[in-house]
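Descriptive analysis of the structure
The lines below spell out each chain.
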Amino acid sequence: MSEWVHPGLLFIFGAPLIPILGGRARKIWMILIPVLAIISVVGMTPGTFGVFEFAGITIIAGQVDKLSLVFAHVFTIMSLIGMIYALHVERFPEHVAAFLYVGSALGVVFAGDWFTLLVFWEIMAFASAYLVFASNNGPATRAGFRYLMVHITGGVLLLGGIVLHGLETGSMLFGPIAEGGGLAYTLILISFILNAAVPPLNAWLTDAYPEATVTGAVFMSAFTTKTAVYVLLRAFPGTEILIWLGAVMALYGVIYAVLENDCRRLLAYHIVSQVGYMVVGVGIGTEMAVNGSASHAFAHIIYKGLLFMGAGAVIHMTGKRLLTDMGGLYRTMPWTVVLYMVGAFAISAFPLFSGFVSKSMVVAAAGEDHLAAVALLLTLASSGTFLHTGLKLPYYMFFGRDSGIEAKEPPANMLTAMGIAAVLCIAIGVFPGMLYSLLPYPVHFEPYTAAHVTGSLGILMFTALGFVLLLRQLDPERTISLDTDWFYRKGARLFMWFAEKPVALWEGAVSRLADTAVLPFLHGSARLGMKTDMNVVDACVNGVARTALAWGASLRRLQTGVVTHYAMAMVGGVVAGIAVYFVVSGG
């Protein structure tokens, strides 16, 4: 397939035209590029493309196989949905950043070498950070800088790991890394799980995503963590520690969601929880587990995007983001409620919705690998997900007490994007074969068994009963939850205090000592040195020079040019020599 077109480059090279175009032309361009990218991915066949040499490194821009294709499919689909959702936004820099973000995520997915991966990895970090800064307020700016700080740190770790890996193996091809590969293995793994938001390296996500723009948060919910899942699947399948990190991650996000009042921060914690399922699948590493991780990433990108679009529509129309400020919106935003609930049922793994056919595959893989404790933890996390995303958030946002807010439905483009995502959530749930056909390995899993359906419905209904009985205890409160970002927030403040207090005091003391003692001593030494140079060194040099000139003048007088004078001088010299000899020899 010599005519292979990199879909990521369509976005990257299409981004500079966005500021140039305006009005309807810009909107057409924003839709056209994702459509062309989808066509490019659908027409791809496995193979290696875009191979060339650079600085002694074999660059492989297009490593196409079933694993990269499943992620490329959902990335391009989500890019189209996200762009439709953002059509009403007039600020073109947001669209440029989104294009670069999507393009670089696709660049990582198709990277066949570590150098290409690193370049797109860093573009992805900076492009996504702009979507936070674009909110243009104090909290967003601070969150954006913290986001950048964390991801630049991760990029440095990745660079160090790649260099060491290249030195150890002599290869820069991107692929599985042998377990126990030393420092390179550790650095690369840490950089990947940082982007996957694995606790305790997760706080950047729940710090930054709620501060992003309404449309920017939709893109951010889709790409960074799922790109990390992809590279983990590619480089670290079967790494046992990931099983337990993922299981803890699934519960961690659910527990923190209990405490949240900010609707998008609650959804962000459930990203942490849902990515935990994918990380468990990577750690198990069997064919079913890898299929489960890839399929759940696919389904999650669609339904989580839908949930963020629903919450974003409410924020866009009301200017409110705290659950304590909302309620009663079902009367004026009925379509938003319906579409949001489709996403809520999908993430909660209701039968006939996408999460049911993907999440259960990971749980089944854990059971098949005799990891009963892990399967139990994942099941508990699924119940917690329904409790907060499917019940608590929509109840307090759309129902509950009437807040008196007179909102209306969001613009048509936002509802259209939500509608497309909702249709996909249902279509994947009803016809799972469409998704299963894209997965890396043949699928030998049947989600719709009587035991699985009745067991899942039983857990969900029991969770709903608990919500009704404990409703008062679940009321959101105006609190701030402490997460692991407390450490680097406090650490940064401690560093600034140390720089402004002890270091500044030390610098002032040294400056005063220099002004009162050191500098006068140096100035006096310099003056003494100058006097010594002028009165001693220069005098000696001048004396030697005058003596040499006098001797030279005397010697010039001996040069008369008369031969007899030279003969007499020679005779005198011989006589003087003989006399000296006899004196020395004693007679």
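Each remark here, short or long, concerns the structure printed above.
Presented here is a report on the structure given in the accompanying data block. Because the structure is predicted, anything quoted here is derived from the model rather than measured.

As judged from the seven bridges shared by strand β1 (residues 47-54) and strand β2 (residues 57-64), these two strands associate in the antiparallel manner. Directly across from Gly47, in β2, lies its bridge partner Val64.

With that out of the way, let us pick up the packing of aromatic side chains. Under the definition given, this model contains 27 aromatic pairs. Pairing Trp114 with Phe174 gives two aromatic rings, centres 4.8 Å apart and planes at 70°, and the pair type is edge-to-face. Linking Trp114 in helix α6 (residues 114-133) with Phe174 in the loop between α7 (138-169) and α8 (182-195), this pair joins segments that are 60 residues apart in sequence. Both residues of the pair, Trp114 and Phe174, count as buried. Consider the rings of Tyr252 and Tyr256, whose centres lie 4.9 Å apart with planes at 35°: the pair is tilted. You can see Tyr252 and its partner Tyr256 sitting in helix α11 (residues 241-258), four residues apart, about one turn around the helix.

Our next topic: the pattern of salt bridges. Taken as a whole and judged by the stated rule, the model has eight salt bridges. Its salt-bridge partner being Asp65, residue Arg234 comes within 2.6 Å of it at the nearest N-O pair. Residue Arg234 is found in helix α10 (residues 214-235), and its partner Asp65 is found in the loop between β2 and α4 (66-85); the two are separated by 169 residues along the sequence. For Asp65, a relative accessible area of 22% corresponds to the partly exposed category. With a closest N to O distance of 3.3 Å, Glu211 and Arg321 form a salt bridge. Of the two residues, Glu211 is situated in the loop between α9 (203-208) and α10 and Arg321 in the loop between α13 (287-318) and α14 (334-347); the sequence distance between them amounts to 110 residues. Judged by relative accessible area, Glu211 falls into the buried class, the value being 11%. Relative accessible area serves as the criterion here: at 25%, Arg321 is assigned to the partly exposed category. Linked through salt bridges whose partners overlap, the residues forming this network are Glu211, Asp262, Arg265 and Arg321.

Quick notes on the rules
Residues numbered from 1 in each chain as written. Predicted model: local features only at pLDDT ≥ 70, side-chain atom pairs only at ≥ 80, totals over all residues. Heavy atoms only, no water. Pairing = 2+ DSSP bridges. Helix = DSSP H or I, 4+ residues; strand = E, 2+ residues; numbered from the N terminus. Phe/Tyr/Trp six-rings, centres within 6.5 Å; stacked < 30°, edge-to-face > 60°. Buried < 20%, exposed > 50% of the residue type's maximum accessible area, 1.4 Å probe, protein only. Salt bridge = Lys/Arg side-chain N within 4 Å of Asp/Glu carboxyl O.

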